[in-house]
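Chains, contacts and geometry: an overview
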Amino acid sequence: SLKHARERVLELGFGEPKLQHESWSLSQLLQHLAQSVEYSMAGYPEMKNAVFRAVIGNAAFAVFNARGAMSHSLTEPIPGAPALSPNTLVKDSMHRLIDALAAFEAWGGPLKPHFAYGALDKEQYTRAHLMHLANHWTQIKSK
């Protein structure tokens, strides 16, 4: 659930988590996750073409949704998104992600199409965000 996701993000503040793959810092990873949630409400900066979204993206989401888990490149930024800041404090990135998840949960307006999957309703987007977080959470190890 989105509530459980927010709790898991908060738990990061009570340890010394490290990433198994150091392409991004923990702060950058949290920024990436926040961007994804924020863009579902505000719109993604760049979109895959309509054919990609309708065929490949739609099929990919259907597979992820059916198996209840996502697998994707864990180091690939969102197309067109601003660079992830290596100087942002982890606590600030945690708060950004928690705020984005809370805003999404409260969101009553129309959602913007996903850059790869296309149009998703609130339930589908919730599932996509949770699977995205879970996929990236596999990178985090606690000391």
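Rules of the game
Residues numbered from 1 in each chain as written. Predicted model: local features only at pLDDT ≥ 70, side-chain atom pairs only at ≥ 80, totals over all residues. Heavy atoms only, no water. Helix = DSSP H or I, 4+ residues; strand = E, 2+ residues; numbered from the N terminus. Rg over C-alpha atoms; globule rule 2.2 N^0.38 Å. Buried < 20%, exposed > 50% of the residue type's maximum accessible area, 1.4 Å probe, protein only. Contact = heavy atoms within 4.5 Å. Areas by Shrake-Rupley, 256 points an atom, 1.4 Å probe, with all protein chains shown as cover. Patch = residues over 30% accessible without salt bridge, like charges linked within 9 Å, V, L, I, M, F, W, Y side chains within 5 Å. Salt bridge = Lys/Arg side-chain N within 4 Å of Asp/Glu carboxyl O. Axes fitted to C-alpha atoms, helices over the stretch in contact; angles between N-to-C directions. Parallel < 35°, antiparallel > 145°, perpendicular 65-115°, else oblique. Nonpolar A, V, L, I, M, F, W, Y, C, P; charged D, E, K, R; others polar.

1. Observations concerning the overall build of the protein chain
Along the backbone of the protein chain there are 5 helices and 2 strands. Taken from N to C terminus, the helices and strands of the protein chain fall in the order α-β-α-α-α-α-β. Against the 2.2 N^0.38 benchmark of 15 Å for 143 residues, the protein chain shows a C-alpha radius of gyration of 15 Å, consistent with a compact globule. Along the first, second and third principal axes, the C-alpha atoms of the protein chain reach 45 × 30 × 30 Å. Counting only residues that meet the buried cut, the protein chain has 41% of its 143 residues in that class. Within the protein chain, contacts between residues at least 6 apart in sequence are counted, and of these 86% link residues at least 24 apart. As displayed, the protein chain has an accessible area near 7700 Å², and 56% of this comes from carbon and sulfur atoms.

2. Quick look at a nonpolar patch on the surface
Taken together, the side chains of Val51, Val55 and Ile56 present a nonpolar region at the surface, about 290 Å² in accessible area. On the secondary structure map, Val51 appears in helix 3 (residues 50-67).

3. As for the environment of Glu7
Tracing the chain through its elements places Glu7 in helix 1 (residues 2-11). On the accessibility criterion, Glu7 (35% relative accessible area) is partly exposed. In sequence terms Glu7 and Ile98 are 91 residues apart; their C-alpha atoms lie 8.6 Å from each other.

4. Thoughts on the packing of helix 2 (residues 26-42) against helix 5 (residues 122-137)
Interhelical geometry of helix 2 versus helix 5 gives an angle of 170° and a closest axis separation of 11 Å. Classed by the angle they form, the pair helix 2 and helix 5 counts as roughly antiparallel. Contact with helix 2, carried on its side by Leu29, Leu30, His32, Leu33, Ser36, Val37 and Ser40, involves Tyr125, His129, His132, Leu133, His136 and Trp137 of helix 5 and no other residues of that element. Taken together, the residues that form the contact of helix 2 with helix 5 break down as 7 nonpolar, 6 polar and no charged.

5. Side note on the pattern of salt bridges
With the rule as written, the count across this model stands at 4 salt bridges. As a salt-bridge pair, Lys3 and Glu7 come within 3.6 Å of each other at their nearest N and O atoms. With Lys3 and Glu7 both in helix 1 and 4 residues apart, the pair spans about one turn of that helix. Glu105 serves as the salt-bridge partner of Arg6, at 2.6 Å between the closest nitrogen and oxygen. Here the residue Arg6 occupies a position in helix 1, and Glu105 occupies one in helix 4 (residues 90-106), the gap between them amounting to 99 residues. Of the residues examined, Arg6 reaches a relative accessible area of 18% and is grouped as buried.

Remember that the coordinates give geometry; whether it matters functionally is a separate question.
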